[in-house]
Amino acid sequence: MAPRRQDAKGEDMDVTVRTASRADEEAVMALWRACGLVTAYNDPVADLARAIAGPSSCVLVAEKAAGLIVGTVMVGHDGHRGWLYYVATDPSDRRAGVGRALIAAGEGWLRDRQIAKVQLMVREANAAVLPFYEQLGFEETPRIVMAKWLTPSDGDRQS
């Protein structure tokens, strides 16, 4: 996929969405940190490795023509519901269609696997992104998400 996009300055920007590999780890980690997606209680390197290796998950990256990774989405499913995680667009490339292209690619990945529903969770601290998802057709659902950590805690974890 190579949709034509414009960057924040209104200049044309070619973006390609492709499947990530372990060779992308350094660039993906830098992007996730720049976007505030890395927390003390999640190991993003392990998350990336599991998603790349998993039979029902992957990480898609958006890159500029020069090979610079400017966005990601981790996508996976449980056989019924699909999930999007680590949706990230480089702060300097926001509002250029990168996020929209990644969400569409993630949804396409799920459709290719006959998954009928896609979900995502947004941390309360990141509520500013809600209008973006609403524009793409996502809506708040009346659900309570419960969690239980299966590994020892290093302190108070929030998600």
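Remember, it's a predicted structure, so these values are computed and weren't measured experimentally.

(A) Representation of the overall build of the protein chain within the structure. Scanning the protein chain from terminus to terminus reveals four helices and six strands. Shown N-terminal to C-terminal, the secondary structure of the protein chain runs as helices and strands in the order β-β-α-α-β-β-β-α-β-α. Taken across its 159 residues, the protein chain has 38% of its residues classed as buried. Restricting the contact set of the protein chain to residue pairs at least 6 apart, pairs at least 24 apart contribute 59%. If you sum the accessible surface of the protein chain, you get close to 9900 Å²; carbon and sulfur atoms cover 51% of it.

(B) Region of the structure containing a nonpolar patch on the surface. Taken together, the side chains of Tyr85, Met121 and Val145 make up a nonpolar region of the molecular surface, amounting to roughly 300 Å² of accessible area. With respect to the helices and strands, the residue Met121 is situated in the loop between strand E6 (117-120) and helix H4 (130-135).

(C) Summary view of the nonpolar core. Residues Val17, Leu60, Ala62, Leu84 and Leu102 are the most contacted members of the largest nonpolar core, which totals 21 residues. Of all the secondary structure elements, the ones that give two or more residues to this core are strand E2 (12-19), strand E3 (57-64), strand E4 (69-77), strand E5 (81-89) and helix H3 (98-111). The greatest single-element share of this core, amounting to seven residues, is contributed by H3. The contacts of Leu84, once residues within four sequence positions are left out, are Val73, Met74, Val75, Ile103, Gly106, Val118, Gln119, Leu120 and Phe138. If you look at the next biggest cluster of nonpolar residues, it comprises 15 residues, including Val28, Trp32, Leu48 and Ala51.

(D) Geometry of the pattern of salt bridges. This structure, assessed with the given rule, holds five salt bridges. Two residues, Arg50 and Asp47, come together in a salt bridge whose shortest N-O distance is 2.7 Å. With Arg50 and Asp47 both in helix H2 (residues 44-53) and three residues apart, this pair spans about one turn of that helix. Overall, Asp47 belongs to the buried group, its relative accessible area being 16%. Between Lys64 and Asp93 there is a salt bridge, with the nearest N and O atoms lying 3.1 Å from each other. A residue pair is termed long-range when its members are at least 10 positions apart, and Lys64 in strand E3 and Asp93 in the loop between E5 and H3 qualify at 29 residues. Residue class for Asp93 comes out buried when judged on its relative accessible area of 2%. By sharing partners, the salt bridges in this structure join Arg18, Asp24 and Glu63 into a single network.

Reading the values: rules and limits
Residues numbered from 1 in each chain as written. Predicted model: local features only at pLDDT ≥ 70, side-chain atom pairs only at ≥ 80, totals over all residues. Heavy atoms only, no water. Helix = DSSP H or I, 4+ residues; strand = E, 2+ residues; numbered from the N terminus. Buried < 20%, exposed > 50% of the residue type's maximum accessible area, 1.4 Å probe, protein only. Contact = heavy atoms within 4.5 Å. Areas by Shrake-Rupley, 256 points an atom, 1.4 Å probe, with all protein chains shown as cover. Patch = residues over 30% accessible without salt bridge, like charges linked within 9 Å, V, L, I, M, F, W, Y side chains within 5 Å. Salt bridge = Lys/Arg side-chain N within 4 Å of Asp/Glu carboxyl O. Core = buried A, V, L, I, M, F, W, Y, C linked by side-chain atoms within 4.5 Å.

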